[in-house]
Amino acid sequence: QLGETFSYNIMIIGFMGTGKSTIAKCLSEILSMEEVEMDQHIAEKEGMSINQIFEESGEEYFRNCESNTLIEFNSKKGLIISCGGGVVLREENISHMKNQGKIILLSATPETIYERVKDNTERPILRNNMNIEFIANLLEQRIDRYIEAADIIINTDNKTIEEITDEILRKL
Ligand code: S3P
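Residues numbered from 1 in each chain as written. Predicted model: local features only at pLDDT ≥ 70, side-chain atom pairs only at ≥ 80, totals over all residues.

A word on the UniProt feature "binding site: ATP" (unreviewed entry) in the protein
Stage number 1. Those residues carrying the UniProt feature "binding site: ATP" (unreviewed entry) are Gly 17, Thr 18, Gly 19, Lys 20, Ser 21, Thr 22 and Arg 123 in this numbering.
Stage number 2. Along the chain, Gly 19 turns up in the loop between strand 1 (9-13) and helix 1 (20-31).
Stage number 3. Residue Gly 19 is classed as buried on the basis of its 22 C-beta neighbours within 10 Å.
Stage number 4. Excluding anything up to four places from it in sequence, Gly 19 contacts Leu 106, Thr 156 and Ile 164.
Stage number 5. Relative to the elements of secondary structure, Lys 20 occurs in helix 1.
Stage number 6. Among residues more than four places away in sequence, those in contact with Lys 20 are Ile 12, Gly 14, Ser 82, Cys 83 and Leu 106. (UniProt positions renumbered as here; feature names shortened; annotations may be inferred. Helix = DSSP H or I, 4+ residues; strand = E, 2+ residues; numbered from the N terminus. Buried ≥ 20, exposed ≤ 12 C-beta atoms within 10 Å, placed from the backbone. Contact = placed C-beta atoms within 7 Å.)

Rendered as structure tokens:
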């Protein structure tokens, strides 16, 4: 019955490795809302992994897929959307997101992010740049956009999934 309380979408944004997918899944169970992962949705639609899309069609094509996916979700209600880390790169995406509900930003330090992503090879942006300095620079470039988009900001450093989820529920 909780799911019906939300007549809007909840979007989780933030840099790679801030825990967006994990937290979205957790929230969706607690709130009985449908959860969608943008990357997974795009990969299924394109019939390719995110790495393959970047390799074969390029980043610009992938960013177009992201924008189209957001437009597609615009007409839906009651979803928990775990967004790709680069979704804020296009200003128009930010306005699409603002129109469809609440935006929760998960934050973390470059050190925390590095520890969480270092063994993963599924992220084309980090694949050949897996170091704290690169992460810190990219985060620095994007931080204003993340903050511009966010309604609620939650720091995730040294916190459990449960603590992060509780904090979000209190602030929703
Ligand atoms: C990207 C983040 C990834 C994925 C793609 C690009 C980015 O999503 O969309 O690899 O530019 O930050 P996650 O944040 O879920 O890893």
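Examining the confidence of the model for the protein
Stage number 1. Overall, the predicted model of the protein reaches an average pLDDT of 95, with 97% of residues at or above 70.
Stage number 2. The ipTM for the predicted assembly is 0.98, set against a pTM of 0.96. (pLDDT = per-residue confidence, 0-100.)

Quick word on the nonpolar core
Stage number 1. Core analysis: the biggest nonpolar cluster contains 30 residues, and Met 11, Ile 12, Ile 13 and Ile 104 have the highest contact counts within it.
Stage number 2. Mapped onto this core, the elements with two or more residues apiece are strand 1, helix 1, helix 4 (59-74), strand 3 (79-82), helix 5 (91-100), strand 4 (101-107), helix 8 (132-149) and helix 9 (161-171).
Stage number 3. Those residues within four positions of Ile 12 in sequence are excluded, and the remaining contacts are Lys 20, Ile 23, Ala 24, Ile 81, Ser 82, Cys 83, Ile 104 and Leu 106.
Stage number 4. In terms of nonpolar packing, the next biggest core, distinct from the first, is built from 7 residues, Phe 15, Met 16, Ala 108 and Ile 135 among them. (Core = buried A, V, L, I, M, F, W, Y, C linked by C-beta atoms within 7 Å.)

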